[in-house]
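Chain by chain, the residues run as shown.
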Amino acid sequence: MQNKIFDMSQQAIIQFLKKILFPIKSLFKAGKDYYKKSPWYSKIIQIIAGFFIFFFVYLFLVDINFLWLFGKSPGMSTINNPNQSIATTIISADGKTIGKYFRENRTPVEFEEISPMLINALIYTEDERFYEHFGIDIKGVFGAVKDALHGKARGASTISQQLVKNMFKTRNQYSRGLLGYVPGVKLLIMKTKEWITAVKIEMYYSKKEILKMYLNTVDFGSNAYGIKTAAKTFFGTTPLNLTTEESATLIGLLKAPTSYSPLLNPERSLKRRNIVLRNLLAHKVISRQICDSLEQIPIKLHYKMEQAYDGQALYFREYLASELSDWCKTNGYDLYSDGLKIYVTIDSRMQQYAEEAVHSQMKLIQKRFDDHWRGQNPWQDENHKEIPFFAERLAQQTHYYKLLNAKYKGNKDSINYYLNKPHLVELFDYEHETGKVKKIMSSMDSIRYMNRFMHTGFVAMEPQSGYVKAWVGDIDFNFWKYDKVEQSKRQPGSTFKLFVYTAAMMHGMSPCDTRVDQPVSWPNTGKDGNETWSPTNANGYFLYRPITLKNAFAQSINSIAVQVGKEVGIGEIIKYAHLLGIKSPLKNEPALTLGASDVSLLELVNSYTTIVNEGQYHDPVVVTRIEDRNGNVLYENKLEQKRVIPYEDAWLMLELLKGGLTEPGGTSRALWSFNLFKWNTDFGGKTGTSNNHSDAWYVGVTPNLVGGAWVGGEQRSVHFRTGNLGQGSRTALPIFASFMEKVLADESLKRYRGKFPTKPKEEIKRDYNCPTYVPADTMNVVSDSTDVPVTEPEVADPTAEPIPE
């Protein structure tokens, strides 16, 4: 039946086309006979007339999208009411707006608020016949064709056409039609649409309005959209107060905002600026004397890139934008202009508590750090000697150094003069309410000052859903935008023992199994395989007696972790680390048992949630739903999890984590000093500290919330010298504890209170109920440090925003 209908439809279409084409064919035949009989001059007129008739018919067919061949074009209603950019809103789990994404501080200006010199520079550089044409520069088109035939390709787009491309996005927002899939035809159709729409714009708007719309829409680079933002970003002024040379610099940017950026490519920018000045000279806007004088003036920037960072969770929002980038490209949305509503898992109350906990605890840690290093520079090597040229090497990778190096062509004396010249700088300071302080200081001294600070990252997740509830990427986003939760990767120290002991449980061991705390060696290690690795315990000695795995995990005894790792094999440890949630590559070497491979805080905390979630893994979830500007649901998260280890093994590992508080000498016992235990809530956790106390960690677990913190220097050589000050239980653990104090005390968040089950859902065949008795004379202050050499260079990254390795 369907085939019959289809055949009838086909026949009807064929008959319809015959009725149309037959008279056209007859007319064509008659015209052909007339053409043959015409004199030569009449033939030329007919050819020219025929070309224009064909051209205008083609334009008409493209505009109406004849037979869906060309794709839709902007109509007069769209041109009359252009689609304005609308900010995307980020909405927290508790219904609060915590931030927005928008077109970087674009603020429209009126024509009268723009410098006349800027208008002249724009017209005589981009479209010198702007006031003469109607949207299409016919002379320019023929000129471009002529140049193309001689191998000199150039553009012929008018300002109106560029406005069409920028404002109406004719090259990506409108369908291409059937012919748009034919190679080479797509570009022709797109250019045709730009011509047609440019003419419509010229019909509807005045020349002044077109210039205003263009300058309010165009991208100047450096996140500066529109002339008002560009003038402020590059020169700290308004469009009306731009000087002639500043106007020329900005107009010069339009050809290629990155290539001609006065910040990134000052020499190119200067040459391009001078070309614009000569255009003004050629059209008698400025005199030869003024032009020559202005060409000698260097570009003087007052550069400050404006950023729309208001609200909470700034590090999280940067991560979110990165995560949504591919989704937006795939689905055809613009995160910064399409007015999306993004519902995220972050809770604004918990985020506030996390930021408060980080600020208060890191302020105390910084005070201890400053007292600890008073009178000395903290960047020292393993032999406690100051690293020579530490600040100088950091300086060489700063943006300012590169600008000076380019300006003075590598002249060290000039570069060092300006690097050491005092000037007004803005610095981070805990003592000021805003976190900012202005001082007269050289660039070199500011580098030394800023590298004395300790840094941190904190993240909290729901173990059952994978929802990220709080995210703090460092101590201050304004000064350090490099995220310590997801971007940064450092050695996890003893927190990595979670994977060593998980592999042990998966190989049939139990928390009550014992191993002797004694020296252990691992032969055939090192690059040439001829070395023997013999790690020590953090306290420097061995007890030489059997200790349960439960107590060894709680006390973070290195010798037993290495013995267990040796029994199960490094490959097995890597396998279960990846199953539980570690995504980073791990080194297949004995030192991995003590956390020698770099991981991120996010993947580490997510791995701990797998244990609390009874052995079921899920990716961290940050978005629950996305809606368009009209409230239509575009995306909705669905819980996806898979079992990666059996329930019994997850139960046994949870017992080990709980033992950190209940076992004698447990490294999590510092939690007892916080106001956490009146809310009927159970805790567990694991500390970690890498070699030389460069990295301090703590991951704490409760039935309904898992949180982790990292504390360390921006450079690995900046750290405490003693475990009493620098280990995880002294630095990272208090951040988690302070956060949990606030969360548990908040009645609106009481669902995060709770106790671990006392009875398992399934039969547990291995013994785990074996509390440890330790003789009083053997009890010592427990440290969680691991004697693992740092394999990276001491100065791994010298900038305030390091590049992830």
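Residues numbered from 1 in each chain as written. Predicted model: local features only at pLDDT ≥ 70, side-chain atom pairs only at ≥ 80, totals over all residues. Heavy atoms only, no water.

1. Digging into the overall build of the protein chain
Here is step 1 of the chain: When you go through the protein chain residue by residue, the secondary structure sums to 26 helices and 18 strands.
Here is step 2 of the chain: In the protein chain, buried positions account for 52% of the 805 residues.
Here is step 3 of the chain: Residue pairs at least 24 apart in sequence account for 72% of intrachain contacts in the protein chain once pairs closer than 6 positions are excluded.
Here is step 4 of the chain: When the accessible surface of the protein chain is totalled, it reaches about 38800 Å², and 55% of it is carbon and sulfur. (Helix = DSSP H or I, 4+ residues; strand = E, 2+ residues; numbered from the N terminus. Buried < 20%, exposed > 50% of the residue type's maximum accessible area, 1.4 Å probe, protein only. Contact = heavy atoms within 4.5 Å. Areas by Shrake-Rupley, 256 points an atom, 1.4 Å probe, with all protein chains shown as cover.)

2. Here we look at the packing of helix 4 (residues 116-126) against helix 11 (residues 266-282)
Here is step 1 of the chain: Where helix 4 meets helix 11, the axes come as close as 9 Å, and the angle between the chain directions of the two elements is 95°. The orientation of helix 4 relative to helix 11 falls into the category roughly perpendicular. Along the contact surface, helix 4 presents Met-117, Asn-120, Ala-121, Tyr-124, Thr-125 and Glu-126, while helix 11 presents Arg-272, Val-276, Asn-279 and Leu-280. (Axes fitted to C-alpha atoms, helices over the stretch in contact; angles between N-to-C directions. Parallel < 35°, antiparallel > 145°, perpendicular 65-115°, else oblique.)

3. A few points about the pattern of salt bridges
Here is step 1 of the chain: Going through the model one piece at a time under the given rule, you end up with 26 salt bridges.
Here is step 2 of the chain: A salt bridge links Asp-445 to Arg-448; the shortest N-O distance between them is 2.9 Å. Within this pair, Asp-445 and its partner Arg-448 are both found in helix 18 (residues 443-450), separated by three residues, close to a single helical turn.
Here is step 3 of the chain: On the accessibility criterion, Asp-445 (38% relative accessible area) is partly exposed.
Here is step 4 of the chain: What you see here is one network of salt bridges that share partners, running through Asp-94, Asp-347 and Arg-349. (Salt bridge = Lys/Arg side-chain N within 4 Å of Asp/Glu carboxyl O.)

4. Here's the deal with the environment of Asn-420
Here is step 1 of the chain: Take Asn-420: it is sitting in the loop between helix 17 (412-419) and strand 4 (423-428).
Here is step 2 of the chain: The class of Asn-420 is partly exposed, set by a relative accessible area of 44%.
Here is step 3 of the chain: With 21 residues separating them along the chain, Asn-420 and Met-441 place their C-alpha atoms 8.4 Å apart.
Here is step 4 of the chain: Each residue touching Asn-420, except ones within four places of it in the same chain, is listed here: Ser-442 and Met-444.

5. With respect to the environment of Gly-595
Here is step 1 of the chain: Topologically, Gly-595 is positioned in the loop between helix 22 (570-580) and helix 23 (601-612).
Here is step 2 of the chain: Sequence separation of Gly-595 and Pro-492 is 103 residues, and the distance between their C-alpha atoms is 5.2 Å.
Here is step 3 of the chain: If sequence neighbours within four positions are ignored, Gly-595 has contacts with Gln-491, Pro-492, Gly-493 and Phe-496.

6. Re the nonpolar core
Here is step 1 of the chain: If you look at the biggest cluster of nonpolar residues, it comprises 151 residues, and the most contacted ones within it are Leu-320, Phe-458, Trp-471, Tyr-501 and Phe-739.
Here is step 2 of the chain: Sequence-distant contacts of Trp-471, that is, excluding residues within four places in its chain, are made with Tyr-315, Phe-316, Tyr-319, Ile-346, Gln-351, Phe-458, Val-459, Asp-483, Val-485, Glu-486 and Leu-602.
Here is step 3 of the chain: Within the second largest apolar cluster, 42 residues are counted, among which are Leu-163, Ile-227, Phe-235 and Leu-294. (Core = buried A, V, L, I, M, F, W, Y, C linked by side-chain atoms within 4.5 Å.)

7. Some remarks on unusual backbone geometry
A negative phi angle characterises most non-glycine residues, just as the trans form characterises most peptide bonds.
Here is step 1 of the chain: Phi angles above zero are rare outside glycine, and Lys-409 is one such case at about 50°.
Here is step 2 of the chain: Following the sequence through the fold, Lys-409 ends up in the loop between helix 16 (399-407) and helix 17.
Here is step 3 of the chain: The phi torsion at Tyr-544 lies on the positive side, around 55°, for a residue other than glycine.
Here is step 4 of the chain: Positionally, Tyr-544 belongs in the loop between strand 10 (531-533) and strand 11 (546-548).

8. Remarks on the packing of aromatic side chains
Here is step 1 of the chain: This structure, assessed with the given rule, holds 31 aromatic pairs.
Here is step 2 of the chain: Taken together, the ring pairs connect Phe-428, Tyr-430, Tyr-449, Phe-453, Phe-479 and Trp-480 into an aromatic cluster.
Here is step 3 of the chain: When the ring centre of Phe-130 is taken as origin, the NZ or CZ atom of Lys-207, which lies over that ring, is 4.3 Å away.
Here is step 4 of the chain: Just above the ring of Phe-553 sits the side chain of Lys-686; from NZ or CZ to the centre is 5.7 Å. (Phe/Tyr/Trp six-rings, centres within 6.5 Å; stacked < 30°, edge-to-face > 60°. Lys NZ or Arg CZ within 6 Å of the ring centre and 35° of its normal.)

9. Here's the deal with the sheet that holds strand 2 (residues 97-101)
Here is step 1 of the chain: One open sheet accounts for five strands, arranged 2-1-3-13-14; its pairing is mixed. The open sheet is flanked by strand 2 and strand 14 (633-636), the only strands paired with a single partner. When the angles between neighbouring strand axes are averaged without regard to direction, this sheet yields 15°.
Here is step 2 of the chain: Along the sheet face, helix 13 (residues 314-331) touches strand 1 (88-91), strand 2, strand 3 (341-344), strand 13 (623-627) and strand 14 and points at about 50° away from the line of strand 2. (Pairing = 2+ DSSP bridges.)

10. Some points on the side chain of Asp-628
Here is step 1 of the chain: Residue position: Asp-628 is located in the loop between strand 13 and strand 14.
Here is step 2 of the chain: Side-chain polar atoms of Asp-628 contact the backbone nitrogen of Asn-630, separated by 2.9 Å.
Here is step 3 of the chain: At 2.9 Å, the side chain of Asp-628 and the backbone nitrogen of Asn-632 are in polar contact.
Here is step 4 of the chain: Sequence-distant contacts of Asp-628, that is, excluding residues within four places in its chain, are made with Gly-339, Leu-340 and Leu-634. (Polar contact = N/O pair within 3.5 Å; in protein donor to acceptor, adjacent residues only side chain to side chain.)

11. A closer look at helix 13
Here is step 1 of the chain: Taking 1.5 Å as the rise per residue, helix 13 with 18 residues should run 26 Å; its terminal C-alpha atoms sit 25 Å apart, in good agreement.
Here is step 2 of the chain: By the largest-angle criterion, Leu-324 marks the main kink of helix 13, which is about 35°.
Here is step 3 of the chain: For helix 13, the full list of buried residues reads Leu-314, Tyr-315, Phe-316, Arg-317, Tyr-319, Leu-320, Ala-321, Leu-324, Trp-327 and Cys-328.
Here is step 4 of the chain: Once helix 13 ends, the next one or two residues include Gly-332, with phi positive near 75°. (Expected span 1.5 Å × (residues − 1). Bend = angle between axes of the 7 residues up to and from the residue.)

12. Focus: helix 21 (residues 558-568)
Here is step 1 of the chain: Counting buried positions along helix 21 yields nine of 11 residues, so the element is predominantly enclosed.
Here is step 2 of the chain: Listed in full, the buried residues belonging to helix 21 are Asn-558, Ser-559, Ile-560, Ala-561, Val-562, Gln-563, Val-564, Gly-565 and Val-568.
Here is step 3 of the chain: Gly-569 occupies a position one or two residues after helix 21 and carries a positive phi of about 95°.

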